[in-house]
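Architecture and fold: a report
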Amino acid sequence: MARLARTPGLSDVQTAILETVREFADKEIIPRAQRLEHADEYPEEILAGMKEMGLFGLTIGEEYGGLGESLLTYALVVEELSRGWMSVSGIVNTHFIVAYLIGQHGSEEQKQRLLPRMATGEVRGAFSMSEPNTGSDVAAITSRAVRDGDAYVLNGQKMWLTNGAYSSVVATLVKTDQGADSVYGNMTTFLLEKEPGFGETAPGLTIPGKIEKMGYKGVETTEMVLNGHRVPASAILGGADKAGRGFYQMMDGIEVGRVNVAARACGISIRAFELAVAYAQQRATFGKPIAQHQAIAFKLAEMGTKIEASHALMVNAARLKDSGERNDVEAGMAKLLASEYCHEIVTESFRIHGGYGFSKEYEIERLMREAPFLLIGEGTSEIQKTIISRGLLKEYRAR
């Protein structure tokens with residue numbers, strides 16, 4: 001393992017998994033990432049290797065064919081994958097959240113039917129809350145499911161689905177009329193099953209095409225249009241009697257998702273540091289490597305310190321969730337610090353590279369386009385600050 005971002009207290013199994021994934025990233029991901037990213041090409045060969053290693057079932061229970069590992073193990077795996085190429089981690093990210101939601105909140109029928117195939121990667125998951133005019137303000141979603149006999153009919157438009165095309169099941173939050181006093185009690189999560197691909201992949205469910213992005217290429221990001229999409233009541237996450245519980249189920253998933261984003265940020269930060277420290281020792285000015293100039297040496301010191309701080313917060317948030325405790329504040333802190341520091345670290349690495357950092361031949365150019373996404377994904381930094389402050393004020397209420 002690298003000197004930076006070491007994690008004490010890991011089991012032999014966890015250590016072996018991480019060493020395997022790091023070797024995979026070095027040999028299979030990093031050498032391919034530049035070409036695939038520039039071509040916006042789906043990484044089929046890398047995906048095959050991830051399936052072979054069992055990464056799609058990493059946290060799925062052994063009784064359903066998975067490895068039954070913890071959120072911490074998963075987060076550390078994501079850190080290693082993101083060090084190779086963030087888009088690769090995106091392929092497993094929303095899949096992991098959906099598998100987590102089914103494992104925690106699904107009915108036994110849903111678990112038995114979906115989790116074994118999700119563990120192998122045969123069925124992949126996508127996660128959908130956002131809409132064209134709604135992101136962090138979840139209460140403002142307008143997509144709706146209306147009861148029709150023993151079924152529901154869904155209408156609306158969803159946005160920013162990672163794995164939107166290649167997925168076979170989409171955990172989707174919509175409004176339902178439950179008669180609750182709170183808007184949050186009138187939201188329901190449905191497991192929408194479809195064929196992989198673009199176009200109308202199920203009756204009344206359309207994936208129009210890829211959204212073009214400045215970064216985070218290779219993995220597809222899509223819209224999803226629901227136009228009279230009819231599903232049985234059993235498609236509700238947890239079964240028909242869990243209608244109206246969707247918001248609370250999704251927020252549970254978001255907590256693990258924010259740990260995941262923090263892990264991605266740590267991985268990109270580590271890679272940006274590796275590129276910077278290597279370049280700084282090779283590039284010479286005024287008769288010595290630029291790493292020996294105090295201005296550059298201090299940058300490297302600050303970058304390394306920020307990586308350690310981000311990694312420590314991410315690990316703490318994961319361990320809290322694994323212990324069964326709420327980690328909304330800690331996950332928010334980890335996501336906030338890691339994403340902001342990632343942006344700073346990547347920018348400093350870019351500056352150390354000088355003019356070469358602006359060239360597409362150099363890896364840092366790609367990281368400069370990827371890091372900003374983490375400032376937005378799973379809630380902006382401003383939303384994290386809102387969550388953190390509310391939690392702290394509740395805990396330290398004036399007496």
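Preceding block: the structure.
These notes cover the structure that comes with them. What you see is a predicted model; the values in this text were computed from it and never measured.

1. A few points about the environment of Arg397
Along the chain, Arg397 falls in the segment after helix H10 (381–395). For the pair Arg397 and Ile60, spaced 337 residues apart in the sequence, the C-alpha separation amounts to 38 Å.

2. A word on the environment of Ala48
Here Ala48 lies in helix H2 (residues 44–53). Spatially, the C-alpha atom of Ala48 lies 9.3 Å from that of Gly121, the residues being 73 residues apart in sequence.

3. Section: the pairing of strand E8 (residues 221–232)
Strand direction decides the pairing type here: strand E3 (residues 151–162) and E8, joined by 10 bridges, are antiparallel. Across the sheet, residue Val153 finds its bridge partner in E8, namely Arg230. By the bridge criterion, two bridges tie strand E7 (residues 205–207) to E8 in an arrangement that is antiparallel. Looking across to E8, one finds that Thr206 is bridged to Val225.

4. Observations concerning the layout of surface pockets
Estimates place the volume of the second largest pocket at around 310 Å³. What lines the second largest pocket is a set of 17 residues, among which Thr59, Glu69, Phe96, Tyr100 and Gln104 lie closest to the centre. Mapped by element, the contributors of at least two residues to the lining of the second largest pocket are helix H4 (86–105) and helix H7 (294–322). Its residues assigned to classes, the lining of the second largest pocket comprises eight nonpolar, five polar and four charged.

5. What about a nonpolar patch on the surface?
Nonpolar side chains collect at one region of the surface, where Val183, Tyr184 and Tyr248 lie side by side and expose about 230 Å² of accessible area between them. Looking at the element boundaries, Tyr184 is found in the loop between strand E4 (169–175) and strand E5 (187–193). Of the residues examined, Tyr184 reaches a relative accessible area of 31% and is grouped as partly exposed.

Reading the values: rules and limits
- Residues numbered from 1 in each chain as written.
- Predicted model: local features only at pLDDT ≥ 70, side-chain atom pairs only at ≥ 80, totals over all residues.
- Heavy atoms only, no water.
- Helix = DSSP H or I, 4+ residues; strand = E, 2+ residues; numbered from the N terminus.
- Pairing = 2+ DSSP bridges.
- 1 Å grid on protein atoms, 1.4 Å probe; cavity = no way out; pocket = protein on both sides within 12 Å on 5 of 7 lines; lining within 4 Å.
- Points joined across faces, edges and corners; volume = space filled by probe spheres on them.
- Nonpolar A, V, L, I, M, F, W, Y, C, P; charged D, E, K, R; others polar.
- Patch = residues over 30% accessible without salt bridge, like charges linked within 9 Å, V, L, I, M, F, W, Y side chains within 5 Å.
- Areas by Shrake-Rupley, 256 points an atom, 1.4 Å probe, with all protein chains shown as cover.
- Salt bridge = Lys/Arg side-chain N within 4 Å of Asp/Glu carboxyl O.
- Buried < 20%, exposed > 50% of the residue type's maximum accessible area, 1.4 Å probe, protein only.

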